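If you want the building blocks of each chain, they are given just below.
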Amino acid sequence: MLQTKDLGVSFKDTILIYAAFNLLAALISYPSGHLSDKFGRKNILLISFVIF
C-alpha cells in the first residue's frame, strides 16, 4: 500500500486496491477456516506460506 505512491498510482486507485485486498481476504477466510478444521492449522499455514 505504501509503495503505490512510489509507483505513481493515484490516491483513488490506492483506496480501490486496498478495498479489493480486504474483499479478497474476507472471501478467502471462511473456506480457509473450513480447510483448517479439516486438515489441521499447521498444514494450512504451511501451504499458505508456500503459496505466498
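Reading the values: the criteria
Residues numbered from 1 in each chain as written. Predicted model: local features only at pLDDT ≥ 70, side-chain atom pairs only at ≥ 80, totals over all residues. Heavy atoms only, no water. Helix = DSSP H or I, 4+ residues; strand = E, 2+ residues; numbered from the N terminus. Buried < 20%, exposed > 50% of the residue type's maximum accessible area, 1.4 Å probe, protein only. Areas by Shrake-Rupley, 256 points an atom, 1.4 Å probe, with all protein chains shown as cover. UniProt positions renumbered as here; feature names shortened; annotations may be inferred. Polar contact = N/O pair within 3.5 Å; in protein donor to acceptor, adjacent residues only side chain to side chain. Contact = heavy atoms within 4.5 Å. pLDDT = per-residue confidence, 0-100.

An unreviewed UniProt entry lists the protein under the name MFS transporter, with Arachidicoccus ginsenosidivorans given as the organism.

Colleague: Quick question: what am I supposed to make of the overall build of the protein here?
Modeller: What the protein contains, in helices and strands, is three helices and zero strands. Each principal axis of the C-alpha distribution contributes one length, and for the protein these read about 40 × 20 × 10 Å. Considering the protein as a whole, with its 52 residues, one finds that 8% of them fall into the buried category. In the form shown here, the protein has an accessible surface area of approximately 5,000 Å², with 71% of it arising from carbon and sulfur atoms.

Colleague: Which parts of the structure should I look at to understand the UniProt feature "domain: Major facilitator superfamily (MFS) profile" (unreviewed entry) in the protein?
Modeller: Here, UniProt's "domain: Major facilitator superfamily (MFS) profile" (unreviewed entry) annotation points to residues 1-52. Regarding residues 1-52, the helix share stands at 87% and the strand share at 0%, and the terminal C-alpha atoms are separated by 17 Å.

Colleague: Is there a simple way to think about the environment of Tyr 18 in this case?
Modeller: Inspection of the secondary structure puts Tyr 18 in helix 2 (residues 11-39). Each C-alpha atom of the pair Tyr 18 and Leu 2 lies 11 Å from the other, and the pair is 16 residues apart in sequence.

Colleague: What is the right way to read the side chain of Thr 14 from this model?
Modeller: Within the secondary structure, Thr 14 is located in helix 2. The class of Thr 14 is buried, set by a relative accessible area of 11%. A polar atom in the side chain of Thr 14 sits 2.9 Å from the backbone oxygen of Ser 10. In this structure Thr 14 touches Met 1, Thr 4 and Val 9, once residues within four positions along its chain are discounted.

Colleague: Quick question: what am I supposed to make of the confidence of the model for the protein here?
Modeller: The predicted structure's coordinates, where accompanied by low pLDDT, should not be read in detail. Per-chain confidence: the protein averages 89 in pLDDT, with 100% of residues scoring 70 or above. The weakest mean pLDDT in the protein belongs to helix 1 (residues 3-7) at 83; the strongest belongs to helix 2 at 91.

Colleague: Just to check I follow, could you spell out the side chain of Ser 36 for this structure?
Modeller: Take Ser 36: it is sitting in helix 2. A relative accessible area of 14% places Ser 36 in the buried class. Those residues in contact with Ser 36, other than ones at most four positions away along the chain, are Arg 41 and Ile 44.

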